[in-house]
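# Structural characterization, general
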Amino acid sequence: MKKALVVIDMQNDFIDGALGSPQAQAIVPNVVEKIKAHQKSGSAILFTRDTHHPNYLQTQEGQNLPVPHCLEGTPGWQIAEALASAAHLSSCLIFNKGCFGSVELAQYLSREGYDEIELVGLVSSICVISNALLIKAHAPETKITVDATCTAGVADEDYKASLCVMKMCHIHLLNEERP
């Protein structure tokens with residue numbers, strides 16, 4: 001079985017920076033453990049990194065979310081150190097993306113022929129769901145899973161709604177009834 005773990009946007013700005021939250025901070029240990037488990041089983045570990053530039057506020061996203069974040073090269077753009085260390089980041093593929101989902105990531109995963117792909121990370125109702133659906137569209141017969149204990153949303157209702165939509169789109173959920 002060829003498996004991959006995709007860690008979505010576990011960057012400082014989403015954890016404790018410009019768009020950070022207690023919910024995001026709470027999942028960091030879970031994601032670290034998930035990375036370690038996947039490494040032990042031989043899964044590929046891939047990351048996405050939200051990547052914006054100085055003109056962010058002039059973009060459509062910047063006009064709808066006027067909080068500069070994940071500006072390339074800044075500390076907020078970096079993947080959180082706990083995850084970078086756990087994953088030995090220098091040996092992982094990283095997909096920089098300028099919008100919510102990465103077509104490049106979805107195409108890569110489809111081309112590589114993974115049997116199972118698990119997603120974790122931030123933010124469940126924006127980038128996690130966007131990437132999950134893109135991957136499902138590019139690899140419709142691949143089992144795609146999201147661990148509810150390894151993702152968080154901006155608000156609880158957004159988080160729950162994103163899990164519901166992913167489930168309806170045949171994305172498997174682990175630990176759906178998290179404490």
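Below or above, wherever it landed, is the structure these notes cover. (Residues numbered from 1 in each chain as written. Predicted model: local features only at pLDDT ≥ 70, side-chain atom pairs only at ≥ 80, totals over all residues. Heavy atoms only, no water.)

### Regarding helix H5 (residues 103–112)
Those residues of H5 that sit buried are Leu105, Ala106, Tyr108 and Leu109. Seen from one end, H5 has its buried residues packed into an arc of 160°, which puts them on one side. In H5, those exposed residues whose orientation departs by more than 90 degrees from the buried face are Glu104 and Arg111. (Buried < 20%, exposed > 50% of the residue type's maximum accessible area, 1.4 Å probe, protein only. Helix = DSSP H or I, 4+ residues; strand = E, 2+ residues; numbered from the N terminus. Arc of directions from axis to C-beta.)

### Quick notes on helix H2 (residues 22–41)
Across its 20 residues, H2 extends 30 Å between first and last C-alpha, which sits within 8% of the 28 Å expected from 1.5 Å per residue. The largest bend in H2 is about 30°, located at Val28, with the proline Pro29 one to four residues further on. Of all the residues in H2, the buried ones are Ala24, Ile27, Val28, Val31, Val32, Lys34, Ile35 and His38. (Expected span 1.5 Å × (residues − 1). Bend = angle between axes of the 7 residues up to and from the residue.)

### Observations concerning the pattern of salt bridges
Here the structure, examined in full by the defined rule, presents nine salt bridges. Of the charged contacts in the structure, one is a salt bridge between Glu116 and Lys3, with a shortest N-O distance of 3.9 Å. Linking Glu116 in strand E4 (residues 116–122) with Lys3 in strand E1 (residues 3–8), this pair joins segments that are 113 residues apart in sequence. Linking Lys167 and Glu176 is a salt bridge whose minimum nitrogen-to-oxygen distance equals 3.1 Å. Relative accessible area serves as the criterion here: at 30%, Glu176 is assigned to the partly exposed category. Taken together, the shared-partner salt bridges connect Asp9, Asp50 and Lys97 into one network. (Salt bridge = Lys/Arg side-chain N within 4 Å of Asp/Glu carboxyl O.)

### Considering the side chain of Ser124
Along the polypeptide, Ser124 turns up in helix H6 (residues 124–138). A residue is classified by how much of its surface remains accessible, and Ser124, at 0% relative accessible area, is buried. Within the structure, Ser124 has its side chain in polar contact with the side chain of Ser162 (distance 3.3 Å). (Polar contact = N/O pair within 3.5 Å; in protein donor to acceptor, adjacent residues only side chain to side chain.)

### Focus on the packing of aromatic side chains
When we look at a pair of aromatic rings, we describe it by the centre distance and by the angle of the planes. Applying the stated criterion across every chain, the model contains one aromatic pair. Each ring, one from Phe95 and one from Tyr108, has its centre 5.6 Å from the other, and the planes form 50°; the classification is tilted. Residue Phe95 is located in strand E3 (residues 93–97), and its partner Tyr108 is located in helix H5; the two are separated by 13 residues in the primary sequence. Each member of the pair Phe95 and Tyr108 is classed as buried. The ring of Tyr114 carries the charged tip of Lys2 above its face, separated from the ring centre by 4.9 Å. (Phe/Tyr/Trp six-rings, centres within 6.5 Å; stacked < 30°, edge-to-face > 60°. Lys NZ or Arg CZ within 6 Å of the ring centre and 35° of its normal.)

### A few points about the nonpolar core
Nonpolar side chains tend to gather and get buried jointly when the protein is soluble and globular. In terms of nonpolar packing, the biggest core is built from 28 residues, with Val7, Met10, Val31, Ile35, Phe47, Leu83 and Leu122 touching the most fellow members. At the level of secondary structure, the elements contributing two or more residues to this core comprise E1, helix H1 (12–15), H2, strand E2 (44–50), helix H4 (81–87), E4 and strand E5 (143–152). In terms of residue count, the dominant contributor to this core is H2 (six residues). Once residues lying within four places of it in the same chain are set aside, the contact partners of Val7 are Val31, Ile35, Ile45, Leu46, Phe47, Thr48, Leu83 and Val120. Counting residues in hydrophobic clusters, the runner-up holds 25 residues, among them Ile8, Ala132, Met166 and Leu173. (Core = buried A, V, L, I, M, F, W, Y, C linked by side-chain atoms within 4.5 Å. Contact = heavy atoms within 4.5 Å.)

### A look at the sheet that holds E2
Backbone hydrogen bonds hold the strands of a sheet together, and the pairing may be parallel or antiparallel. Pairing is parallel across the open sheet formed by six strands, whose spatial order is E3-E2-E1-E4-E5-E6. Strands with a single pairing partner mark the edges of an open sheet, and in this sheet they are E3 and strand E6 (172–174). Pairwise comparison of adjacent strand axes, ignoring direction, gives a mean angle of 25° for this sheet. Bridging between E2 and E3 involves five bridges; their strand directions are parallel. Across the sheet, residue Leu46 finds its bridge partner in E3, namely Leu93. Each of E5 and E6 touches helix H7 (residues 156–168); the most contacted strand, E5, lies at about 170° to it. (Pairing = 2+ DSSP bridges. Axes fitted to C-alpha atoms, helices over the stretch in contact; angles between N-to-C directions.)

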